[in-house]
Amino acid sequence: MEVVILPSAAAAGALAAQAIRELLATKPAAVLGLATGSSPLPVYDALARMQAAGEVSFSHASAFALDEYVGLPADHPAGYRAVIRTEFTERVDMPPASVHVPDGQATDLQAACRGYEAAIAEAGGVDLQLLGIGSDGHIGFNEPGSSLASRTRVKTLTELTRADNARFFDGDMDLVPRHCLTQGLGTIMESRHAVLLASGPGKADAVRAMVEGPVSARCPASVLQFHPHATVLVDEAAASKLELAGYFRYTYANKPDWQGL
Ligand code: F6R
């Protein structure tokens, strides 16, 4: 796991966007894994700028979202299908048919989850998976206690996650669905490169548990310690509780140019 401490969330977003641009330069039909919430927004902003400048194209790429709420109307602005579209895919040249989101309105949710896994496999797997981390240590919506081998399935959101996400529902926690579909930790672990972004003091405990704590379902993100290529991009506040912060800074400052992220 590589931890890079950056001066701001925007700097972290720019670095992740650069990794995506480099991936697309060598593999135009790359499969991207997309996160929603606040953390990836600087990445999407940077990619939209690169697209406008003609520096990148998503015309052959495809994307799979991490998760979706169960039961929200298809056009609900807080639904992740809408968020992915407005925050990212309609700002770049990725064909809408190449953007996949779990179907939280399916009458058979379990079949929808199986179908989602099959679609990811058929696409050849995810090349680069963007991730945020919940203040309770979740990635995707794999809440504490999630099997480290889990696949796409229905999960129940914690009250903490529902409270954190109430800001996308006019501040009313009662409007936040209780259930979601999420890629499992086993699914996420199969991505070829996992890039997690975290910023702000509210993420400092979760980041410490993920990076320096034991690998445990108590902090689902800690499973990334077993990922062969995981990159954690954090701002100073999110890094503020890392014991090894000095070593992470030293390592990045001395990183060979050829290595990339
Ligand atoms: C969203 C997702 C979640 C968020 C996490 C952090 O697709 O999978 O794991 O990444 O809840 O959310 P923010 O970035 O809003 O703090």
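Residues numbered from 1 in each chain as written. Predicted model: local features only at pLDDT ≥ 70, side-chain atom pairs only at ≥ 80, totals over all residues. Heavy atoms only, no water.

(A) Geometry of the pairing of strand E1 (residues 2-6). Judged by how many residues are buried, E1 sits mostly within the fold: five of five residues are covered. Residue alternation in E1 divides its side chains into two sets, Glu2, Val4 and Leu6 and Val3 and Ile5, and both sets are buried. Of the pairings in the sheet, the one linking E1 to strand E10 (residues 230-235) comprises five bridges and is parallel in character. Paired with Leu6 across the bridge in E10 is Asp235. (Buried < 20%, exposed > 50% of the residue type's maximum accessible area, 1.4 Å probe, protein only. Helix = DSSP H or I, 4+ residues; strand = E, 2+ residues; numbered from the N terminus. Pairing = 2+ DSSP bridges.)

(B) Region of interest: the pattern of salt bridges. As enumerated under the stated definition, the model contains eleven salt bridges in all. Note that Glu159 and Arg162 form a salt bridge whose closest N and O atoms lie 2.9 Å from each other. Note that Glu159 and Arg162 are positioned in helix H5 (residues 159-165) at a spacing of three residues, about one turn of the helix. Here Glu159 falls in the partly exposed class, since its relative accessible area comes to 48%. Residue Asp205 is joined to Arg208 by a salt bridge in which the shortest nitrogen-to-oxygen separation is 3.4 Å. Taken together, the positions of Asp205 and Arg208, both in helix H7 (residues 204-212) and three residues apart, correspond to about one turn of that helix. Linked through salt bridges whose partners overlap, the residues forming this network are Lys27, Asp127 and Arg192. (Salt bridge = Lys/Arg side-chain N within 4 Å of Asp/Glu carboxyl O.)

(C) How the structure looks around the pairing of strand E7 (residues 153-156). With burial as the criterion, only one face of E7 is covered, namely that bearing Arg153 and Lys155; the residues Val154 and Thr156 on the opposite face remain uncovered. In this sheet, strand E8 (residues 179-182) lies alongside E7 in antiparallel orientation, the contact comprising four bridges. Each residue of the ladder has a partner; that of Thr156, found in E8, is His179.

(D) A look at the side chain of Glu2. By the element assignment, Glu2 lies in strand E1. Given the relative accessible area of 19%, Glu2 is considered buried. Those residues in contact with Glu2 that lie beyond four places of it in its chain are Ala230, Thr231, Val232, Tyr252, Lys255 and Leu261. (Contact = heavy atoms within 4.5 Å.)

(E) Geometry of the site of the ligand. The environment of the ligand is made up of 16 residues, and the closest members are Ser39, Asp67, His138, Gly140 and Lys203. Side-chain polar atom of His138 to an oxygen atom of the ligand: 2.6 Å apart, as the coordinates give it. Within the complex, 94% of the 410 Å² of free accessible area of the ligand lies under protein. Its residues placed into classes, the shell around the ligand shows five nonpolar, eight polar and three charged. (Near = heavy atom within 4 Å. Polar contact = N/O pair within 3.5 Å; in protein donor to acceptor, adjacent residues only side chain to side chain. Areas by Shrake-Rupley, 256 points an atom, 1.4 Å probe, with all protein chains shown as cover. Nonpolar A, V, L, I, M, F, W, Y, C, P; charged D, E, K, R; others polar.)

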